[in-house]
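Geometric and topological summary
Residues per chain, in single letters:
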Amino acid sequence: MFDLVIKNGLCLINGNFLRYNIGVEGNRIAYVGKEDIKGEEKINAEGCFVLPGLFNAHTHSAMTLLRGYAEGLPLKDWLEKVWEMEAKLDEKAVYLGAKLACVEMLKNGITCFADMYIHMDGVARAVEETGIRAVLGYGMADRGNDDRAKEELRIAKDFIKRWNGKERIKCILTPHAVYTCSKDFLAKISEIAKENGFIKHIHASETFWEVKEAKRRYGMSPIELLDSIGFLDSNTVLAHGVWLSDSDMELISKSGSSVAHCPSSNLKLSSGIAKVAEMLEKGINVCLGTDGAASNNMLNLFNEMRISALLQQLRRKFLNPAKYLEMATWNGYRAYGIDSGSVERGMLADLVIMEIGQSHRPIYDPVNSIVYSSLGSEVRDVIVDGRIALEDRNPVYVDLEKLCEEVSSFAFFHSSL
Ligand SMILES: [Zn+2]
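None of the values given here were measured: they were computed from a predicted structure.

1. Concerning the overall build of the protein chain
Regarding its fold elements, the protein chain presents 15 helices and 18 strands. The C-alpha radius of gyration computed for the protein chain amounts to 21 Å, which stays within 12% of the reference 22 Å derived for 417 residues, consistent with globular compactness. Along the longest, intermediate and shortest principal axes, the C-alpha atoms of the protein chain span 65 × 50 × 45 Å. Per-residue burial over the protein chain gives 58% buried out of 417 residues. Considering only contacts within the protein chain whose residues lie at least 6 apart along the sequence, 72% involve residues at least 24 apart. Summed over all atoms, the accessible surface of the protein chain reaches about 17,000 Å², with 49% contributed by carbon and sulfur. In the protein chain, which carries 49 positive and 57 negative side-chain charges, the distance between the mean positions of the two groups comes to 3 Å.

2. Topic: the coordination of the zinc ion
Protein-derived coordination of the zinc ion comes from H58 (NE2), H60 (NE2), H203 (NE2) and D291 (OD), at a distance range of 2.1 to 2.6 Å. The site at the zinc ion holds four donor atoms, and with the angles between them running 82 to 175°, its shape is irregular. Taken in sequence order, the residues that donate to the zinc ion follow the motif H-x1-H-x142-H-x87-D. Of the two residues, H60 sits in the loop between β6 (54–59) and α1 (75–86) while D291 sits in the loop between β14 (285–288) and α11 (301–314), which places them 231 residues apart along the sequence. D291 matches H60 in its accessibility class, with the two residues each being buried.

3. Brief notes about the nonpolar core
The biggest cluster of nonpolar side chains holds 103 residues, and the ones touching the most others in it are L136 and M305. Per-element accounting of this core gives the leading share, 11 residues, to helix α2 (residues 91–107). Leaving out residues up to four positions away in the same chain, M305 has contacts with L54, L288, Y324, L325, A328, I370 and V371. Counting residues in hydrophobic clusters, the runner-up holds 18 residues, among them L4, C11, I22 and A45.

4. Remarks on the environment of W163
Locating W163 in the fold gives a position in helix α4 (residues 146–163). W163 gets classed as buried once you look at its relative accessible area, which sits at 11%.

5. Examining the domain arrangement of the protein chain
We note that the domain assignment places domain 1 (2–52 + 344–400) and domain 2 (54–335) within the protein chain. The straight-line distance from the C-alpha centre of domain 1 to that of domain 2 is 28 Å. Each partner contributes to the interface: domain 1 provides 29 residues, whereas domain 2 provides 28 residues. Summed over both sides, the interface between domain 1 and domain 2 buries roughly 2,400 Å², with carbon and sulfur atoms accounting for 69% of that surface. When the buried surface of domain 1 facing domain 2 is broken down by residue, V371, Y372 and V384 rank first, second and third, together holding 26% of it. For the interface between domain 1 and domain 2, the tally reads two salt bridges. In this structure, R133 and D350 form a salt bridge, with 3.0 Å as the shortest nitrogen-oxygen distance. Put simply, the parts of the chain that give the side of domain 1 that touches domain 2 at least two residues each are β15 (351–355), α14 (366–373), β16 (379–384) and β17 (387–391). For the side of domain 1 that touches domain 2, the element with the highest residue contribution is α14, accounting for five residues.

Cut-offs and rules
- Residues numbered from 1 in each chain as written.
- Predicted model: local features only at pLDDT ≥ 70, side-chain atom pairs only at ≥ 80, totals over all residues.
- Heavy atoms only, no water.
- Helix = DSSP H or I, 4+ residues; strand = E, 2+ residues; numbered from the N terminus.
- Rg over C-alpha atoms; globule rule 2.2 N^0.38 Å.
- Buried < 20%, exposed > 50% of the residue type's maximum accessible area, 1.4 Å probe, protein only.
- Contact = heavy atoms within 4.5 Å.
- Areas by Shrake-Rupley, 256 points an atom, 1.4 Å probe, with all protein chains shown as cover.
- Lys, Arg positive; Asp, Glu negative; His and termini not counted.
- Charge placed at Lys NZ, Arg CZ, Asp CG, Glu CD.
- Donors = N, O, S within 2.8 Å, 3.2 Å for Na, K, Ca; no water.
- Tetrahedral: all angles 85-135°; square planar, octahedral: opposite > 155°, others 65-115°.
- Core = buried A, V, L, I, M, F, W, Y, C linked by side-chain atoms within 4.5 Å.
- Domains from an automatic or database assignment.
- Buried area = accessible area lost by both parts, 1.4 Å probe.
- Salt bridge = Lys/Arg side-chain N within 4 Å of Asp/Glu carboxyl O.

What follows is the structure, encoded as structure tokens:
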């Protein structure tokens, strides 16, 4: 008798869709096969796809509060407006924004996300209460000031002490970028990460300006700079990687670092188009992220898969569509060292059950259909860590109506609606 069984779904296993049953014991997948298994709880997945949970490899979840606030602006003007609002945020605001984000992500089949931001206790509480899994870090920036560097590290370490390993949370070190953090500060973070086995996550080579600025300041690209201080290794995830030279890609590939590709955000902020095909050719582990809702505006990896594929095709790079699904699932879990992202015995039970909707008919190939035709609304049930977190499109642990009311009545929120 399993704790939970999922019956008769078309399960994605090694690239094929097979009509199998899945048995979950505790927080792990304990059985995948054709036997008629029994469980305490049962989900009928007849006529549904069963996928591994999607991993949002780069976001700032509380930025849901700034969704739609600054639109139609170039990066510099956009950033000024966003920073002005972020200065007013406190832990309660971050908690509410992150909670909204967690629910939205669950509804879109995301079972884990990586987040760097401020007031991270608010994000951790939102994760705890919604049932999702997360990789969290306090977004550090010393801006060349030694006292500030010490204080930023203290905040980051305190957060790790409070939350690492609790409630499906893995804590990481997240310096913001090479233009907001000094070289010495980044080297120090790298040292601490190595000593403690922490993963590092940083924005890198997002814009042409960032690369130009690093070359002016250090005579090196952001990637060369990170490499020169020993920051790049298999425990590093670089967000964006839009402006990478061939030799930057070689350095990333050799180090085993991953890149979190965020196509919608790169379009919206006019950052550019990442060379995904070339990165994959060089053996780089590319995963997929939404970035914050203020620069997307959705937290929907089905949308990111589609946009990523369309952008590569605009560049006349035609990848097997299965690569995009891998980027949205397996590659994210690999990047952050979490034992999930595949429907396989022994893996953490993070699973998504999708109804095969009208937009998917006829189905010539399920992977093509998921990558190019999915809206996210097909997601019916989501299991995280062996527990149902979204059931029949409703979040199990959250009163969504109450949450929306709380967000609307919160002083920070200036909407009249
Ligand atoms: Zn970002």
